[in-house]
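Single-letter residue listing:
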Amino acid sequence: AEVSYVIAGTLMTENGDVVEITDRLRTVVTFNPSHRSAKHWLALQLSKQPHNTKESAKLLRSINIADLEGTGVNPLDTFMLLGQAEDRLGNLEASVEAFHQGIQLYMPQSITAASQGQQLPPHIDYRFALAAAQYAKKLYQVGRIDDAKQFLDGALDNPNWAGQVFQLHDVYGLVQVR
């Protein structure tokens, strides 16, 4: 089992090509299917190869988010990758759900921070706002215009998202036309 962790650790620091990294990560996942972060990193590499979107989505669906704690993988990134993969596969409702799950991870922290006049840490705030914008956009794409408007109204009233509000305004303008 130690070999798989060594391979995965070195992959993150190498500048190998996508195919080489993908092959190495497949070896890790084959050797240790329950590796806590290798599935995420393999799915990320597969997402860079459009012909591997199905495999990427399958891997991402199989990840237990609770298992990512302490691995350095942000679960929000996993949900965002899944939302993107589902979108590319034409599974728009599944894409909506993936982005929704991602923003739900940080919604309580966002509300608490806003009530205390604070913001989420910048590395989370940015991802959170991206996921929120994608969630609203996907709601719009599946025809859930009222849900998108309601979500965006609440989001735009949240001062915690001020740094990324331009992305939300773009989507908000789109749903207001409807």
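Residues numbered from 1 in each chain as written. Predicted model: local features only at pLDDT ≥ 70, side-chain atom pairs only at ≥ 80, totals over all residues. Heavy atoms only, no water.

**A few points about the overall build of the protein chain**
- Secondary structure assignment for the protein chain yields 9 helices and 0 strands.
- The proportion of buried residues among the 178 residues of the protein chain is 44%.
- Considering only intrachain contacts with a sequence separation of at least 6, the fraction spanning at least 24 residues in the protein chain is 58%. (Helix = DSSP H or I, 4+ residues; strand = E, 2+ residues; numbered from the N terminus. Buried < 20%, exposed > 50% of the residue type's maximum accessible area, 1.4 Å probe, protein only. Contact = heavy atoms within 4.5 Å.)

**A closer look at helix H3 (residues 38-47)**
- Summarising burial for H3: 8 of the 10 residues are buried, a large majority.
- Of the positions making up H3, those classed as buried are Ala-38, Lys-39, His-40, Leu-42, Ala-43, Gln-45, Leu-46 and Ser-47.
- Of the surrounding secondary structure, the elements contacted by the buried residues of H3 are helix H2 (18-31), helix H4 (53-61) and helix H5 (75-88).

**A few points about the packing of H2 against H3**
- Contact pair H2 / H3: the axes reach a minimum separation of 9 Å and the direction vectors enclose 150°. Viewed along their axes, H2 and H3 adopt a mutual orientation that is roughly antiparallel. Here H2 runs over H3; the crossing is left-handed. Only Ala-38, Lys-39, Trp-41, Leu-42, Gln-45 and Leu-46 of H3 make contact with H2, whose side of the interface consists of Val-18, Ile-21, Thr-22, Leu-25, Arg-26, Val-28 and Val-29.
- Looking at the contact of H2 with H3 residue by residue, the class counts come to 9 nonpolar, 2 polar and 2 charged. (Axes fitted to C-alpha atoms, helices over the stretch in contact; angles between N-to-C directions. Parallel < 35°, antiparallel > 145°, perpendicular 65-115°, else oblique. Left-handed = near helix turned anticlockwise from the far one by under 90°. Nonpolar A, V, L, I, M, F, W, Y, C, P; charged D, E, K, R; others polar.)

**Section: the nonpolar core**
- Counting 20 residues, the largest nonpolar core has Leu-42 and Leu-60 as its most contacted members.
- Elements with a minimum of two residues in this core: H2, H3, H4 and H5.
- Leaving out residues up to four positions away in the same chain, Leu-42 has contacts with Thr-22, Leu-25, Arg-26, Val-29 and Leu-59.
- Within the second largest apolar cluster, 19 residues are counted, among which are Phe-99, Ile-124, Leu-139 and Phe-151. (Core = buried A, V, L, I, M, F, W, Y, C linked by side-chain atoms within 4.5 Å.)

**Topic: the confidence of the model for the protein chain**
- Looking at the protein chain as a whole, the pLDDT averages 79, with 78% of positions reaching at least 70.
- In the predicted structure, residues 1-6 sits below a pLDDT of 50 and forms 7 contacts with residues beyond four places in sequence or in another chain. (pLDDT = per-residue confidence, 0-100.)

**Here's the deal with the side chain of Gln-45**
- Tracing the sequence through the fold places Gln-45 in helix H3.
- For Gln-45, the contacting residues outside a window of four places in its chain are Val-18, Ile-21, Thr-22 and Leu-25.

**Some remarks on the pattern of salt bridges**
- Enumeration over the complete set of coordinates arrives at 6 salt bridges.
- The salt bridge involving Arg-26 is made with Glu-55; its shortest N-O contact spans 2.5 Å. Separated by 29 residues along the polypeptide, Arg-26 in helix H2 and Glu-55 in helix H4 bring together distant segments of the chain.
- Note on Arg-26: relative accessible area 28%, which makes it partly exposed.
- Put simply, Asp-147 and Arg-144 hold a salt bridge, and the shortest N to O gap is 3.0 Å.
- Judged by its relative accessible area of 33%, Asp-147 is partly exposed.
- According to the relative accessible area criterion, Arg-144 is partly exposed, its value standing at 30%. (Salt bridge = Lys/Arg side-chain N within 4 Å of Asp/Glu carboxyl O.)

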